[in-house]
Amino acid sequence: MGDKPVLSVFIGQLAVSGGDHALAVHGLGSCVALVLCEPRTGMGGLAHVLLPGSRPRTDTTTDLPAKYAASALEALRSGLCDLGAKPAHLRAGLVGGAKMFESEMDLETGVGARNVDSLRSILRDQGIPLATDETGGRQGRTVIFSLPECRLRIRTLRGGWTEKDLR
Amino acid sequence: MATFHPIEERELDALREISNIGAGHAVTALHQMTRRVITLEVPAVNLVPFSEVAHRLGGLEEEVVGLFFRVYGGSRGNMLVVMSRTSAEHLLTVLFDGDGPKRPLGDMEISALKEVGNILTSSYLTAIGSLLKIPLIPSIPAFSMDMAQAVVDLLLIELAEVTHQALVIQTDFATRDKTFTGHFCLLPDPGSIETILTAIDRLQKKG
């Protein structure tokens, strides 16, 4: 990691970097961190997604650009292409989408799993290979995406740190 | 897209007052269970961006126990009782008469925490409900122990479907020596806050 600047991406937000950044989400529950990168150049981005599908027309808010899966992917992809990345070279990773609460009655409605399914299917439709898929389960996760290495470091409170290489 | 209407200072005061009454009843129950003196902070009622909610619970990655309830009845929303892991363990030690809790927590400990959450939330909602004359009924509890941001994101996801800010009615409580601290957070649905404000108006006109 070194002393690379770590940029924290809050809920519903996204960030892209030309390299030499670490993008982080501290504490993902049912939300999903979608990361995209172009391994050749080390450019990448991260979106902190809340909801499956695409933005309905009735939702006119602009302060949460990564709120919906489809709009978040589109924004990341176009942000990276603006920096000069080639769509055909992009690789993706998904982290999060857990089920956080246990109860005798299911109060959660499975939104974590729906987020993951939605993002997987959009990535498949766009032909972007999913290099890392650390989703589901019953635990919160912190993720740090280091660029230009395109390396994901994922932390859980019980399991400690694991590393995934997207290249 | 529903939004929270701007809330007047007078209404924020009233929301602080009712959450103080609710939290007061809840900590009385907690005092009776634990024989510890528990004090309340002044309630904070704020319309905040989603990113700020977990910051107010001790930090994004702080390990917390979250007890989550849906609120049904005259006004809808979600209630979350949050305490740090060390506070939860302290509470269990007191409840189980000096025996420290197992690590990781077993079914018995989790069940005890859910039951405490249930009593606190029921006291809180019953006090507010009978004051405002609107029925407020909690669901059964759901339990999570993880990073604060991971525990609250479900509540934010649900709000995000209809709005882009969270109205957080938060009251913090603590024992005098701070070995045990926690937070009551009531997050009304945007469509439900009007019901509460109307009931408050009715009450104030009568008084």
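Look up: the structure comes first, before these words.
None of the values given here were measured: they were computed from a predicted structure.

Calculation rules
- Residues numbered from 1 in each chain as written.
- Chains lettered and ligands numbered in written order.
- Predicted model: local features only at pLDDT ≥ 70, side-chain atom pairs only at ≥ 80, totals over all residues.
- Heavy atoms only, no water.
- Helix = DSSP H or I, 4+ residues; strand = E, 2+ residues; numbered from the N terminus.
- Rg over C-alpha atoms; globule rule 2.2 N^0.38 Å.
- Buried < 20%, exposed > 50% of the residue type's maximum accessible area, 1.4 Å probe, protein only.
- Contact = heavy atoms within 4.5 Å.
- Areas by Shrake-Rupley, 256 points an atom, 1.4 Å probe, with all protein chains shown as cover.
- Lys, Arg positive; Asp, Glu negative; His and termini not counted.
- Charge placed at Lys NZ, Arg CZ, Asp CG, Glu CD.
- 1 Å grid on protein atoms, 1.4 Å probe; cavity = no way out; pocket = protein on both sides within 12 Å on 5 of 7 lines; lining within 4 Å.
- Points joined across faces, edges and corners; volume = space filled by probe spheres on them.
- Nonpolar A, V, L, I, M, F, W, Y, C, P; charged D, E, K, R; others polar.
- Pairing = 2+ DSSP bridges.
- Axes fitted to C-alpha atoms, helices over the stretch in contact; angles between N-to-C directions.
- Salt bridge = Lys/Arg side-chain N within 4 Å of Asp/Glu carboxyl O.
- Polar contact = N/O pair within 3.5 Å; in protein donor to acceptor, adjacent residues only side chain to side chain.
- Core = buried A, V, L, I, M, F, W, Y, C linked by side-chain atoms within 4.5 Å.

Chemist: What should I look at first to understand the overall build of chain A in this one?
Modeler: When helices and strands are counted, chain A shows 2 helices and 10 strands. Relative to its length of 167 residues, chain A is compact, with a C-alpha radius of gyration of 15 Å against a globular reference of 15 Å. Taken along the three principal axes of its C-alpha coordinates, chain A extends 50 × 40 × 25 Å. When each of the 167 residues of chain A is scored for burial, the buried share is 51%. Of all intrachain contacts in chain A linking residues separated by at least 6 positions in sequence, the fraction that spans at least 24 positions is 62%. Total accessible area on chain A is roughly 6,800 Å²; 50% of this is exposed by carbon and sulfur atoms. Once the 20 positive and 18 negative side-chain charges of chain A are each reduced to a mean point, those two points are 2 Å apart.

Chemist: Any chance you could explain the overall build of chain B here in plain terms?
Modeler: In terms of helices and strands, chain B carries 5 helices and 8 strands. In chain B, the succession of helices and strands from N to C terminus is α-β-β-β-β-α-α-β-β-α-β-β-α. For a compact globule of 207 residues, the expected C-alpha radius of gyration is about 17 Å, and chain B comes in at 17 Å, within 12% of that figure. C-alpha atoms of chain B, sized along the principal axes, occupy 50 × 35 × 30 Å. By the burial criterion, 56% of the 207 residues in chain B qualify as buried. Here chain B holds 17 positive side-chain charges and 25 negative ones, and the gap between their average locations is 7 Å.

Chemist: Would you explain the layout of surface pockets in this entry?
Modeler: Where empty space is left can be seen by rolling a probe of water-molecule size over the atoms. Space inside the largest pocket adds up to approximately 280 Å³. Lining the largest pocket are 13 residues, and of these Glu102, Arg138 and Arg158 of chain A together with Phe143 and Met145 of chain B sit closest to its centre. Broken down by element, the residue count for the lining of the largest pocket peaks at 4 residues, all from strand E6 (residues 142–147) of chain B. Residue classes in the lining of the largest pocket are distributed as 6 nonpolar, 2 polar and 5 charged.

Chemist: Please clarify how the sheet that holds strand E4 (residues 32–38) of chain A should be interpreted in this entry.
Modeler: The pairing of strands in a sheet happens through backbone hydrogen bonds and is either parallel or antiparallel. All names here are of chain A. Taken in spatial order, the 5 strands of this open sheet run E2-E5-E4-E6-E7, and their pairing is mixed. Whereas interior strands pair on both sides, the edge strands pair on one side only; in this sheet they are strand E2 (14–17) and strand E7 (130–135). Neighbour-to-neighbour, the strand axes of the sheet open up by a mean angle of 10°, direction not taken into account. The sheet contact formed by E2 and strand E5 (residues 43–49) spans 4 bridges and is antiparallel. Bridge pairing links alanine 15 to leucine 46 in E5. Those strands touched by helix H1 (residues 69–82) are E2, E4 and E5, and its axis lies near 160° from that of E5.

Chemist: What's the story with the interface of chain B and chain A in this structure? I'm lost.
Modeler: Much of the literature gives interface size as the accessible area that the parts lose upon coming together. Facing the 36 residues of chain B at the interface are 36 residues of chain A. Counting every contact that joins chain B to chain A gives 3 salt bridges. Between lysine 114 of chain B and glutamate 104 of chain A there is a salt bridge whose closest N-O contact spans 3.6 Å. On the surface where chain B and chain A come into contact, there are 15 residue pairs in polar contact (both at pLDDT 80 or more). Tallied by class, residues from the side of chain B that touches chain A come to 19 nonpolar, 8 polar and 9 charged.

Chemist: Sorry, what's going on with the pairing of E5 of chain A here?
Modeler: Regular strands place their side chains on alternate faces of the sheet. Residue and element names in this part refer to chain A. Here E5 lies mainly inside the structure; 7 of its 7 residues are buried. Judged by which residues are buried, E5 turns out to be covered on both faces: Met43, Gly45, Ala47 and Val49 on one side and Gly44, Leu46 and His48 on the other are all buried. Two strands pair when backbone bridges link them, and E4 and E5 are joined in this way by 7 bridges, in the antiparallel orientation. Of the residues in E5, the one forming a bridge with alanine 33 is histidine 48. A loop of 4 residues connects E4 with E5, the two strands running antiparallel in sequence, and glycine 42 in this loop sits at a positive phi of about 80°.

Chemist: What is the right way to read the pattern of salt bridges from this model?
Modeler: Side-chain pairing between opposite charges can occur once the charged atoms of the two side chains come close. All names here are of chain A. This model, assessed by the stated rule, comprises 22 salt bridges over all chains. Here glutamate 163 and arginine 151 are joined by a salt bridge, their closest N and O atoms 3.5 Å apart. Here glutamate 163 is found in strand E10 (residues 160–165), whereas its partner arginine 151 is found in strand E9 (residues 151–156), with 12 residues between them in sequence. Under the relative-accessibility criterion, arginine 151 is labelled partly exposed at 23%.

Chemist: Could you clarify how one ought to interpret the nonpolar core in this entry?
Modeler: Soluble globular proteins tend to pack their nonpolar side chains together in the buried interior. Grouped together as the largest cluster of nonpolar side chains are 54 residues, with contacts concentrated most on Phe145 of chain A together with Phe50 of chain B. Among the elements that line this core, the one with the most residues is helix H4 (residues 148–160) of chain B, at 10 residues. Leu15, Val65, Ala112 and Val116 of chain B belong to the second largest nonpolar core, which has 47 residues in total.

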